[in-house]
Amino acid sequence: MDIAKRLFEKSRFTGILLFLLINLISFALLRVALLIKQLADLDVSFYSIALAFLLGLGHDLAFFSYLLIPFSLYLLVLPNAAYQSKINRIIVFAGFFISLYALFFVEASEWTFWDEFGVRFNFIAVDYLIYTHEVVNNIIESYPLGWILSGLLFVTTVCFLSTRKFLSKSFNTSEPFALRLKITAALLSLPLVSYIAVGQSSHQFSANTYLNELAANGPYQFFAAFRNNELDYRHFYKLGDDRQLSGVIRSELAGEPLPAVGEKLYDIKRMVRQPGQEKHLNVILITVESLSAEFLTAFGNTEHITPFMDEWFKQGLLFTNFYATGTRTIRGLEALTLSIPPTPGQSIVKRPDNSKLFNLGHVFQQRGYDTAFLYGGRGYFDNMNAFYAGNGYRIVDQTDFTDEEVTFSNAWGVSDDIIFKRTVKEADLDHQNRKPFFFQIMTTSNHRPYTYPDGRIDIPSGTGRTGGVKYTDYALREFISLARTKPWFDDTVFVVVADHCAGSARKVDLPLDRYHIPLFIYAPKHVPAQSNDILSSQIDVAPTVLGLLNFSYESQFYGRDLMRMRKDEGRALISNYQKLGLVKGNKLVYLSPQQKIDVIADPLGAHRSVDINSETRLVEEEMAYYQSADYIWSHRLNRYQ
């Protein structure tokens, strides 16, 4: 009681108490604001919301408990005379003011992060901290930063002036070292309790994802994600018998097993044989930033923001029941390039030792193709250049463009029309050299701040997602129009697919509708116009494209040639960085850390939980996909020499 009384009345530790109270109040107010913003998606009881706030308070205290460690030690060791000095007063006042500003800045950042991703800080925020050029410029171009920073400064000043007198009184006290030691010991017990009691997933108490996120603390989640950016599959996930699952996954994959395949665990190497002669056509695979299926008229959109694609997609092969494997660009590139299930934690594109993996470009390289990865931004972002260069691709990114080519750029790179014009230039050069080409393009324009060259479409630049989508549609139209004038056009297969949807947040863990994207293949001389509704995902693109070219090859892909699959064989893999899902037969089964397995019936509708014991075969298939993928990665089995 004496310690508590001194903290509230007169102690050098008063500043810590004041900052704690301000933290708790401000985080509670942010939680209220997020609750109001997401209220329509929180069809839960008042009790559940109250519990979320109570858990949130626990996470707020846990975050603060770690934060106070250096300040507590400073106040412990500083002698009374030094603490009461003018220099220390300046240090304490300045430190308190800066800490307040940092707190309010973090909360403003949390609001914008939630607005973009529908969650608190997570591993995405950790990644973005690394790429300061793109992220900072994106923030500057997307938000009225001057006004925001000025507003935060005003709030900080008001808060500081309101608490300054309490801080001033603390300099008039003398506390013996023994008393300071007791107070510090009490304070430092808090992070110990937090470490034991509050885990990274302890806020996940509800089936409603938004409610779980309300119960979290953004900065706490940020540091937890920083520590656990790659998850040990065999430690966190439910495991099955390796021998049994090895047989299951081989039975799921089409092809002719190689002679030694039965002797090795999870050896999925096999021959894919096609009848007839190979077609060494050019291939241009365009991965479009955030092109959700919902933007297209063919999937129910009524805004008509994709007039070119709406007509163009009638002229080729459109897959209408197709899904992204993840929620980030590098997850899409991983699946399209490697045709593997998404392993938990960080994408393989970002991991060390990710070169010479069996990939789509390698199959083309074996046939003498020029394989290139073309990106409108700086390819060091998300480790894209290192990944593709390490896997045999030639790199073309923003740093390779001349000043004359760069007529427009923003935080993420050049506008889509510029990367498409450069693609035509590269194709012209290969055609002149009589060399077939395989190009993988990653666009950037359909991304906040949604800026693009003026005068191209009827929506002003920088006004929102709708403009970004319509400009992307415009750029594709210009690209195809230019390509049609080229001698290589008739012998080129164009593939258009999204990297992921424009948003993935919903009140459930894996909202299937937020993974729905288009896949379109266009080659009027070689691919007839038709629609295909087989259930599939990005891992199926590589084998499907190779199948259309009649390529026979030794495969290590998990994907299937969609043109040679029965409809009842359709399935899709979807994930976020922790939840690993398989969709099949109108059911979704997914694995979660802490060895959890969930089965959901009608994932696009009622989203009803099902007893996992009634779906043993589906659960077994799910475990076979992901357990084998982890084994193959960790044992370096999917490599080429």
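The structure displayed is predicted, hence computed values, not measured ones.

(A) Looking closely at helix H19 (residues 416–432). With 17 residues, H19 extends 25 Å from end C-alpha to end C-alpha; this agrees with the ideal 24 Å at 1.5 Å per step. Within H19, 12 of the 17 residues are buried, leaving the element largely enclosed by the surrounding structure. Of the positions making up H19, those classed as buried are Asp416, Asp417, Ile418, Ile419, Phe420, Arg422, Thr423, Val424, Glu426, Ala427, Asp428 and Asp430. Buried residues along H19 sit against strand S3 (282–288), strand S6 (370–375), strand S7 (394–396), strand S9 (413–414), strand S10 (437–442) and helix H20 (465–483). Of the residues one or two after H19, Arg434 is the one with positive phi, at around 55°.

(B) The layout of surface pockets, seen in detail. In this model, the second largest pocket occupies a volume close to 480 Å³. In this structure, the second largest pocket is lined by 23 residues; those nearest its centre are Ser206, Ala207, Asn208, Asp509 and Tyr590. Mapped by element, the contributors of at least two residues to the lining of the second largest pocket are strand S18 (587–592) and strand S19 (596–601). Considering each element in turn, the lining of the second largest pocket owes the most residues, three residues, to S19. The residue inventory of the lining of the second largest pocket, partitioned by class, reads seven nonpolar, 10 polar and six charged.

(C) Representation of the sheet that holds strand S12 (residues 519–522) in the model. Within the open sheet, the eight strands sit side by side as S7-S6-S10-S3-S11-S12-S4-S13. Their pairing is mixed. Looking at the sheet topology across the chains shown, the edges are occupied by S7 and strand S13 (530–532). Across the sheet, the mean angle from the axis of one strand to that of its neighbour is 15°, orientation sign disregarded. As paired elements, S6 and S7 share three bridges and run parallel to each other. Across the sheet, Phe373 pairs through a bridge with Ile395, a residue of S7. Along the sheet, helix H16 (residues 329–338) contacts S3, S6, S10 and strand S11 (492–498); its crossing angle with S10, the most-contacted strand, is approximately 160°. Where H19 meets the sheet, its contacts fall on S3, S6, S7 and S10, and the angle it forms with S10 comes to roughly 170°.

Rules behind the numbers
Residues numbered from 1 in each chain as written. Predicted model: local features only at pLDDT ≥ 70, side-chain atom pairs only at ≥ 80, totals over all residues. Heavy atoms only, no water. Helix = DSSP H or I, 4+ residues; strand = E, 2+ residues; numbered from the N terminus. Expected span 1.5 Å × (residues − 1). Buried < 20%, exposed > 50% of the residue type's maximum accessible area, 1.4 Å probe, protein only. Contact = heavy atoms within 4.5 Å. 1 Å grid on protein atoms, 1.4 Å probe; cavity = no way out; pocket = protein on both sides within 12 Å on 5 of 7 lines; lining within 4 Å. Points joined across faces, edges and corners; volume = space filled by probe spheres on them. Nonpolar A, V, L, I, M, F, W, Y, C, P; charged D, E, K, R; others polar. Pairing = 2+ DSSP bridges. Axes fitted to C-alpha atoms, helices over the stretch in contact; angles between N-to-C directions.

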